[in-house]
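This is what each chain is made of:
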Amino acid sequence: MTRYLTGPEAEAVAAYALDRLPTLGDTDGRLHHKHISAYQMACDLLEATGHGKAMDWGLVRFDPPRPPAQLPRWDDTATILIKLAGQTNEITFGHKPVEPKIDWRQGIVLSVADPPSRRAEPDRPPDLDAADGIPAAWVSGEIRALFSALGIREEDGWSHEARSAVWRAGHYGAECGFQDDPLFTRTIARSRVTVPASVLAERDRLRARQFRNPLMFGWELDWCFFDRWRLGDGWLDDAATARAIPVFNDDVAIAARQIIFGDK
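Residues numbered from 1 in each chain as written. Predicted model: local features only at pLDDT ≥ 70, side-chain atom pairs only at ≥ 80, totals over all residues. Heavy atoms only, no water.

1. Section: the pattern of salt bridges
Then step 1. Under the counting rule described, the total for this entry stands at 17 salt bridges.
Then step 2. Residue aspartate 76 pairs with arginine 230 through a salt bridge whose shortest N-O separation is 2.8 Å. In this pair, aspartate 76 sits in helix α3 (residues 74–87) while arginine 230 sits in strand β10 (residues 229–230), placing the two residues 154 residues apart along the sequence.
Then step 3. Exposure remark for arginine 230: the relative accessible area of 1% places this residue in the buried category.
Then step 4. Close ionic contact of aspartate 250 with arginine 168 constitutes a salt bridge, the shortest N to O distance being 2.7 Å. Note that aspartate 250 is positioned in the loop between α9 (238–242) and α10 (251–261) and arginine 168 in helix α5 (residues 163–169), a separation of 82 residues in sequence.
Then step 5. Overall, the relative accessible area of 2% leaves aspartate 250 in the buried class.
Then step 6. The network of salt bridges with shared partners includes Arg73, Asp75, Asp76, Arg168, Arg230, Asp233 and Asp250. (Salt bridge = Lys/Arg side-chain N within 4 Å of Asp/Glu carboxyl O. Helix = DSSP H or I, 4+ residues; strand = E, 2+ residues; numbered from the N terminus. Buried < 20%, exposed > 50% of the residue type's maximum accessible area, 1.4 Å probe, protein only.)

2. Comments concerning unusual backbone geometry
Phi is mostly negative for residues that are not glycine, and the peptide bonds are mostly trans.
Then step 1. Residue aspartate 63 is joined to proline 64 through a cis peptide bond whose omega torsion reads 5°.
Then step 2. Positionally, proline 64 belongs in the loop between β3 (58–61) and α3.
Then step 3. You will see that aspartate 156, though not glycine, has its phi angle at about 70°, which is positive.
Then step 4. Positionally, aspartate 156 belongs in the loop between β8 (153–154) and β9 (157–158).

3. Some words on the pairing of β3
Then step 1. In the sheet, strand β1 (residues 30–32) pairs with β3 via 3 bridges, with the strands oriented antiparallel. For histidine 32, the partnering residue across the bridge sits in β3 and is glycine 58.
Then step 2. Bridge count between strand β2 (residues 52–54) and β3: 3 bridges; the pairing is antiparallel. From the neighbouring strand, alanine 54 faces β3, where its bridge partner is leucine 59. (Pairing = 2+ DSSP bridges.)

4. With respect to helix α1 (residues 7–18)
Then step 1. Between its first and last C-alpha atoms α1 spans 16 Å; for 12 residues at 1.5 Å apiece the expected length is 16 Å, and the two agree.
Then step 2. Those residues of α1 not exposed but buried are Glu9, Ala10, Val13, Ala14, Tyr16, Ala17 and Leu18. (Expected span 1.5 Å × (residues − 1).)

5. A few points about the packing of α1 against helix α2 (residues 37–48)
Then step 1. Running from amino to carboxyl end, α1 crosses α2 at an angle of 140°, the nearest separation of the two axes being 10 Å. The orientation of α1 with respect to α2, classified from their angle, is oblique. For α1 against α2, the interelement crossing comes out left-handed. Counting all contacts with α1, which are made through Val13, Ala14, Ala17 and Leu18, the residues of α2 involved are Ala42, Leu45 and Leu46. (Axes fitted to C-alpha atoms, helices over the stretch in contact; angles between N-to-C directions. Parallel < 35°, antiparallel > 145°, perpendicular 65-115°, else oblique. Left-handed = near helix turned anticlockwise from the far one by under 90°. Contact = heavy atoms within 4.5 Å.)

6. Digging into the confidence of the model for the protein
Then step 1. Of the residues in the protein, 84% have a pLDDT of 70 or more, and the chain-wide mean is 87.
Then step 2. Low pLDDT, under 50, characterises residues 100–106; the stretch is placed with 28 contacts to residues that sit more than four places away or in other chains.
Then step 3. Across residues 108–121, confidence stays below pLDDT 50; counting only partners more than four residues off in sequence or on other chains, it has 18 contacts. (pLDDT = per-residue confidence, 0-100.)

7. Looking at the packing of aromatic side chains
Then step 1. Enumeration according to the criterion identifies 9 aromatic pairs in this entry.
Then step 2. A centroid spacing of 5.7 Å and a plane angle of 5° characterise the contact between phenylalanine 93 and tryptophan 158, whose relative ring orientation is stacked. Residue phenylalanine 93 is located in strand β4 (residues 91–93), and its partner tryptophan 158 is located in strand β9; the two are separated by 65 residues in the primary sequence.
Then step 3. Each ring, one from phenylalanine 178 and one from phenylalanine 184, has its centre 5.3 Å from the other, and the planes form 70°; the classification is edge-to-face.
Then step 4. For phenylalanine 178, a relative accessible area of 10% corresponds to the buried category.
Then step 5. Within the aromatic cluster, the residues linked to one another by ring pairs are Phe225, Trp229, Trp235 and Phe261. (Phe/Tyr/Trp six-rings, centres within 6.5 Å; stacked < 30°, edge-to-face > 60°.)

8. A short note on the sheet that holds β3
As a general point, the strands of a sheet are linked pairwise by backbone hydrogen bonds and lie either parallel or antiparallel.
Then step 1. Taking strand neighbours across the sheet as the criterion, the 3 strands line up as β1-β3-β2 in an open arrangement whose pairing is antiparallel. At either end of the open sheet lies a strand with only one pairing partner, and these are β1 and β2. The mean inter-strand angle of the sheet, taken between neighbouring strand axes irrespective of direction, is 20°.
Then step 2. Running over the sheet, α2 touches β2 and β3 and is turned about 135° from β2.

Below, the structure is given as structure tokens:
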């Protein structure tokens, strides 16, 4: 069964995201994503939880918030949180991060974690133990508490449900394959024979276009999957699509598109 955020979960997620988005000096409730994908998705998440209106440049905050009739999917939310934590250097897979010093409200990184070439052995146990093929991770205290509250972290490790979120987020250096996982293969098998007519029509429309870069066809078609395909569920109907939040560069959705349509 598809899981959706509860009211308390949505408030905890929104509080975290609001504290991370840059203001660029604005004092009128406007938050700016600076065309950084993690911040862009955070704006979409805040809109879905009733905390503002997403705009091309960022978010206009609602004060007070306007709780929506229906809250967004848990899996989309978990994926966006992992991406946002990666953007702010609050999660590191397989090695200990350097604690970043960040002016959250201005979005200015004053110091950053070591690059992969300078990874060091951790001097403390990981905050999330390896589980289900997902490697161990070190996170900030706030992320640890938020992951625990949302069920991403269970008993000092990754929850089983969190696997797909890590896969979709690109896992920031974590090498964990998913294409042989039974959940992925079952979803692909079902999705091959249930492609919606609207998706087939979009594929045909894109094929008729003349792209200078041949890769653009795949990139454009990816959005059909970001919008209305999910691991486990397969194709979403209109009602389920309305509660989904597209995840940019969703590794699982891109792999599904390549397999289902045979495109790279």
